[in-house]
Amino acid sequence: MNRHSWLFSPEEIRIQHIEGKTLAARHDENGAWAINIVGTRILELLEQPQSILSICAKLSAEFDISQDACEKAVSTYLQNLIDNNYVEAIDDNDADASMRRRYLDLLKRSLVNLLYPEHELRLSYLLKGDYADDPVLRGRVLRDIRVNQAKEYTKLIHDKHYGYPTIYAHTLVGLRRLNNLEYCARRIFADKIPGDFFEAGVCQGGAMIFLRALQVAFNEKKRLTWGADSFQGLPAPEATQDTGLDFTESRFPWLAISEDTVRQHFQNYELLSEQVKFVPGWFEDSLPGLQTGSISLLRLDADLYKSTREVLHNLYDRVSPGGYIVVDDYGSFAPCRQAVDEFRRERNIVDQLRWIDWTGVFWRKPI
């Protein structure tokens, strides 16, 4: 680890306060370790990609210690996290690293709408229809919505970080899962793993936009960004495993975003180009026979058992050794989890399944 490495905690590290102690552990991990207030703060900071310099700058301000003293102490702690595979370090020493970091951080915050979250509260307030009739009183409520709906605002910010869907944004996946995509992409670029990025289940397009932005930010000119979606919502449940999961447009219109709308979102971020490929249609029709090259990152956001199986059956073998498979709905929908578990057993895939947050998981093909 050097001073300019970017540090990632690709798996969720949960912090719990039990009987006066603060404990930390990975998702589903039996053991846990005790941490103090500084260790807790470091793990909180590592929910975002950080360098040791950025961590120490924040800690020295918060705990009133010098940057040099902070760096010496924190380096040992971080190296211990790295040695125990809780944190990974990826070098990024070129001249564009600082501006790239600012661009990617701002883009993520824009995609999940952490820039103007109060507008979502205002819209929700007006849609309820029980607001004050007096336009002046109504204006005051809307003006100070963060204060007037403080609990709702706190929950909204939490949900945007940890991927509990908020529909008035360009992605439902949350900041934590975008950070994981950045980790996967940086590892792919650093290890020179060949292949395009492919997302199956595009919805508003936010995650696909971020995948493309990563390629552009790192000047990966030869890679394509693929997005497969019906662009008319999810199919009606057909498989027995999907019984009761009706996410069709008539019930969930916010999941049915047209291709034209997604293209417009790409244009708004100035990321639409010939390197972006859209694959419209139901997966059972669009994926068999689709001509692609190798894939280095395959992201599934298919929700249902049948749809998840279709994606894995048609695309998994195209993932390069060293490439990543990211599944958005593993924790939230049992049929998706069943489809993934069955496929992994059938193909004798023993690569570690790692938790990103409460629902997202990923694994890496061995190099």
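Residues numbered from 1 in each chain as written. Predicted model: local features only at pLDDT ≥ 70, side-chain atom pairs only at ≥ 80, totals over all residues. Heavy atoms only, no water.

### Considerations on the sheet that holds strand β11 (residues 354–355)
Whenever strands of a sheet pair, they do so through backbone hydrogen bonds, lying parallel or antiparallel. Taken together, 7 strands build an open sheet; the order of strands is β8-β7-β6-β9-β10-β12-β11 and the sheet is mixed. Of all the strands in the sheet, the pair left with one neighbour each is β8 (276–280) and β11. For strand β9 (residues 295–300) and strand β10 (residues 319–327), the ladder comprises 5 bridges, and the chain directions are parallel. Bridge pairing in β10 places L300 opposite V327. Along the sheet face, helix α9 (residues 174–190) touches β6 (196–200), β9, β10, β11 and β12 (361–364) and points at about 180 degrees away from the line of β10. With respect to the sheet, helix α13 (residues 305–315) is in contact with β6, β9 and β10, its orientation differing from that of β9 by roughly 170 degrees. (Pairing = 2+ DSSP bridges. Helix = DSSP H or I, 4+ residues; strand = E, 2+ residues; numbered from the N terminus. Contact = heavy atoms within 4.5 Å. Axes fitted to C-alpha atoms, helices over the stretch in contact; angles between N-to-C directions.)

### What about the packing of aromatic side chains?
The final tally for this structure, using the stated rule, is 17 aromatic pairs. Ring geometry for F198 versus W226: centroids 6.1 Å apart, planes at 15 degrees, classification stacked. With F198 in strand β6 and W226 in strand β7 (residues 225–229), this residue pair connects regions lying 28 residues apart in the sequence. On the basis of an interplanar angle of 35 degrees and a centroid distance of 6.1 Å, the ring pair of Y324 and F362 is categorised as tilted. Residue Y324 is found in strand β10, and its partner F362 is found in strand β12; the two are separated by 38 residues along the sequence. For Y324, a relative accessible area of 1% translates into the label buried. Members of the aromatic cluster, connected to one another through ring pairs, are F8, Y183, Y324 and F362. (Phe/Tyr/Trp six-rings, centres within 6.5 Å; stacked < 30°, edge-to-face > 60°. Buried < 20%, exposed > 50% of the residue type's maximum accessible area, 1.4 Å probe, protein only.)

### What about the nonpolar core?
Across soluble globular proteins, nonpolar side chains have a tendency to be buried as a group. Within the largest apolar cluster, 55 residues are counted, with the highest numbers of intra-cluster contacts made by L181, F210, F266 and L297. Contact partners of L297, with chain neighbours within four places excluded, come to L181, C184, A185, I188, D196, F197, F198, L211, Y324 and V326. Counting 28 residues, the second largest nonpolar core, distinct from the first, contains W226, F283, L300 and I349. (Core = buried A, V, L, I, M, F, W, Y, C linked by side-chain atoms within 4.5 Å.)

### Considerations on the state of the cysteines
This structure, assessed with the given rule, holds 0 disulfides. Of the cysteine sulfurs around C70, a residue in no disulfide, the closest is that of C56, at 3.4 Å. The class of C70 is buried, set by a relative accessible area of 1%. Free cysteine C184: the closest other cysteine sulfur is in C336, separated by 16 Å. Note on C184: relative accessible area 0%, which makes it buried. (Disulfide = S-S within 2.5 Å.)

### Topic: the side chain of D351
Tracing the sequence through the fold places D351 in the loop between α14 (334–346) and β11. R344 provides the closest opposite charge to the buried, unpaired D351, separated from it by 5.6 Å. Those residues in contact with D351, other than ones at most four positions away along the chain, are Y316, R344, W363, R364, K365 and P366. (Lys, Arg positive; Asp, Glu negative; His and termini not counted. Salt bridge = Lys/Arg side-chain N within 4 Å of Asp/Glu carboxyl O.)

### Observations concerning the pairing of strand β2 (residues 13–18)
In this sheet, strand β3 (residues 21–26) lies alongside β2 in antiparallel orientation, the contact comprising 6 bridges. Each residue of the ladder has a partner; that of R14, found in β3, is A25. Remark: 2 residues form the turn of the hairpin made by β2 and β3, two consecutive strands paired antiparallel; E19 in that turn has positive phi of roughly 50 degrees.

### Focus on the packing of helix α1 (residues 37–45) against helix α3 (residues 67–83)
Two elements in contact, α1 and α3, have axes whose closest approach is 12 Å; the angle formed by their N-to-C orientations is 60 degrees. Classified by the angle their axes make, α1 and α3 are oblique. The crossing of α1 and α3 is right-handed. Contacts from G39, I42 and L43 of α1 reach α3 at V74, Y77, L78 and L81. Of the residues assigned to the contact of α1 with α3, the class counts are 6 nonpolar, 1 polar and no charged. (Parallel < 35°, antiparallel > 145°, perpendicular 65-115°, else oblique. Left-handed = near helix turned anticlockwise from the far one by under 90°. Nonpolar A, V, L, I, M, F, W, Y, C, P; charged D, E, K, R; others polar.)

### Describing the environment of L126
Mapping L126 onto the fold places it in helix α5 (residues 117–128). Taking the C-alpha atoms as reference points, L126 and R138, 12 residues apart in sequence, are found 9.4 Å from one another. Not counting residues within four places of it along the chain, the set of residues in contact with L126 comprises Y131, R138 and L142.

### Some points on the sheet that holds β3
Taken together, the 3 strands give an open sheet; going across it, the order is β2-β3-β4, and neighbouring strands pair in antiparallel fashion. At either margin of the open sheet sits one strand with a lone partner, and together these are β2 and β4 (33–34). Sheet strands touched by α1: β2, β3 and β4. Its angle to β2, the strand with the most contacts, is close to 145 degrees.

### Re the side chain of R187
Here R187 shows up in helix α9. In this structure R187 comes out as buried when scored by relative accessible area, which is 15%. For R187, the residues in contact, after removing those within four places along its chain, are E88, A89, I90, Y324 and R364.

### Focus on the pattern of salt bridges
Per the stated rule, a full pass over the model turns up 30 salt bridges. A salt bridge links D105 to R101; the shortest N-O distance between them is 2.6 Å. Within this pair, D105 and its partner R101 are both found in helix α4 (residues 97–111), separated by 4 residues, close to a single helical turn. Residue class for D105 comes out partly exposed when judged on its relative accessible area of 26%.

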